[in-house]
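Residue strings, one per chain:
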Amino acid sequence: MLGQSQAIQAIRAQLQRYASCDVQVLIEGETGTGKELAAREIHYASARRDHPFVPVNCGAIPDSLIENELFGHDRGAFTDAKGAQPGLIDHARGGTLFLDEVDALSDKGQVTLLRFLQDNEYRPVGGGAARVSDARIIAATNACLEQQVAAGRFRRDLHYRLHALYLRLPPLRERDDDVALLAAHFIEAVAARLHGPAKCWGEDAMQALAAYAWPGNVRELDNVALRAYMCADGAVIGLAELLAAEPAFAGTAAIPDCRANAPSLGFSAAKTHAIRKFEHDYLTDLMQQAGGNISAAARLSGTERRQLGKLLRKHGIGTQQFRPH
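Structural notes, computed from the coordinates. Everything quoted here is computed from the prediction, not taken from an experiment.

Conventions and cut-offs
- All residue numbers refer to position in the chain's written sequence, counted from 1.
- Totals for whole chains, interfaces and linings use all residues, but because this is a predicted model, local features are given only for residues with pLDDT of at least 70 and pairs of side-chain atoms are given and counted only at 80 or more.
- Based on all heavy atoms of the structure, the side-chain values leave hydrogens and waters out of the count.
- Two strands are said to pair when DSSP picks up at least two bridges between them.
- Only runs of H or I of at least four residues qualify as helices and only runs of E of at least two qualify as strands under DSSP, and these elements are numbered from the N terminus.
- Think of each axis as a best-fit line through the C-alpha atoms, taken over the contacting stretch in the case of a helix, with angles from 0 to 180 degrees between the N-to-C directions.
- Contacts between residues were defined by any pair of non-hydrogen atoms, one from each residue, lying within 4.5 Å.
- What makes a salt bridge here is a side-chain nitrogen of Lys or Arg within 4 Å of a carboxyl oxygen of Asp or Glu, nothing more.
- Accessible area is worked out with a 1.4 Å probe on protein chains only. A residue is then buried under 20% of its type maximum, exposed over 50%, and partly exposed in between.

## Describing the sheet that holds strand E5 (residues 96-100)
Move 1: On the basis of which strands lie adjacent, the open sheet formed by five strands has the order E2-E5-E8-E1-E9 and parallel pairing. Edge positions in the sheet fall to strand E2 (53-57) and strand E9 (165-168), since each of these pairs with one other strand and no more. On average, adjacent strands in this sheet sit at an angle of 20° to one another, irrespective of strand direction.
Move 2: Looking at chain direction, E5 and strand E8 (residues 136-141) are connected through four bridges and run parallel. Bridge pairing in E8 links Phe98 to Ile138.
Move 3: Most of the contacts of helix H1 (residues 6-19) go to E9, to which it runs at about 160°, and overall it touches strand E1 (25-28), E8 and E9.
Move 4: The sheet contacts of helix H2 (residues 35-44) involve E1, E2, E5, E8 and E9, and relative to E2 the element is tilted by about 155°.

## A look at the pattern of salt bridges
Move 1: Under the counting rule described, the total for this entry stands at 11 salt bridges.
Move 2: One salt bridge connects Arg93 with Asp90, and the closest N-O pair in it is separated by 2.5 Å.
Move 3: By relative accessible area, Arg93 is classed as partly exposed at 35%.
Move 4: If you follow the salt bridges from partner to partner, you end up with Asp22, Arg48 and Arg136 in one network.

What follows is the structure, given as structure tokens:
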């Protein structure tokens, strides 16, 4: 995982320790923080590295097919079962099964997974004798499973099974100077992928990148780098190109006063900049007054709560930073 901040260095050390301990791991982190990448680092640093790493999105498995997807089926198990079909557990034998969005499992899916984790035994659909798999389970979620358990949306006994080892991936806004390092890396990667000329970030664009809250984290930065590269005609990606790629950056505090930039930005870009900066500053002050409570902020501003939530996401303004500790 690319980065030089203390937060990411601590994560790397933790991943290495977990690689040598062959039990279940639960990874929590916001969308785009690299949960699958972390799971792959555990797998490929472990003794299982020569065996399969099998990722699966739990939210994409229909409830009626959960057992078939995980455990497979034998010939004749149902009408169209003309031959035996191994499941994900079989594919991951000796390796790692990565369960992304594990909180999306239905009640039936949770019971099915729990039954397997209790003794690593399973039966294919339509099968007779029980089979054993030594696949290691790494689960990930962008929710807090402890809160899901408290709310009655996730089984506590399954949480205990998955929570043998725990890892929280820090959001990009907690990773100090990693934004600059990652931004430079992604621009180089885009140039290589598109077989295009080398480009770099201008100082004004880099200031805006550093000031942004990154609600989509590393994945969002990757996408912004791609769009900014495509918007830049020259070798330097400046503020104007960044704004063309992603107007939300006009609201970042690191962008200088738009009046000073008006001649270089042009009328349309300068106008967009001014509006976005006003929105960002207003929303920041509003959330400070409301203590991070969106409902209270909506009442204070006379704004519909859903619309206010959209504006906050548009400007990458989280609520946690405004809440009293």
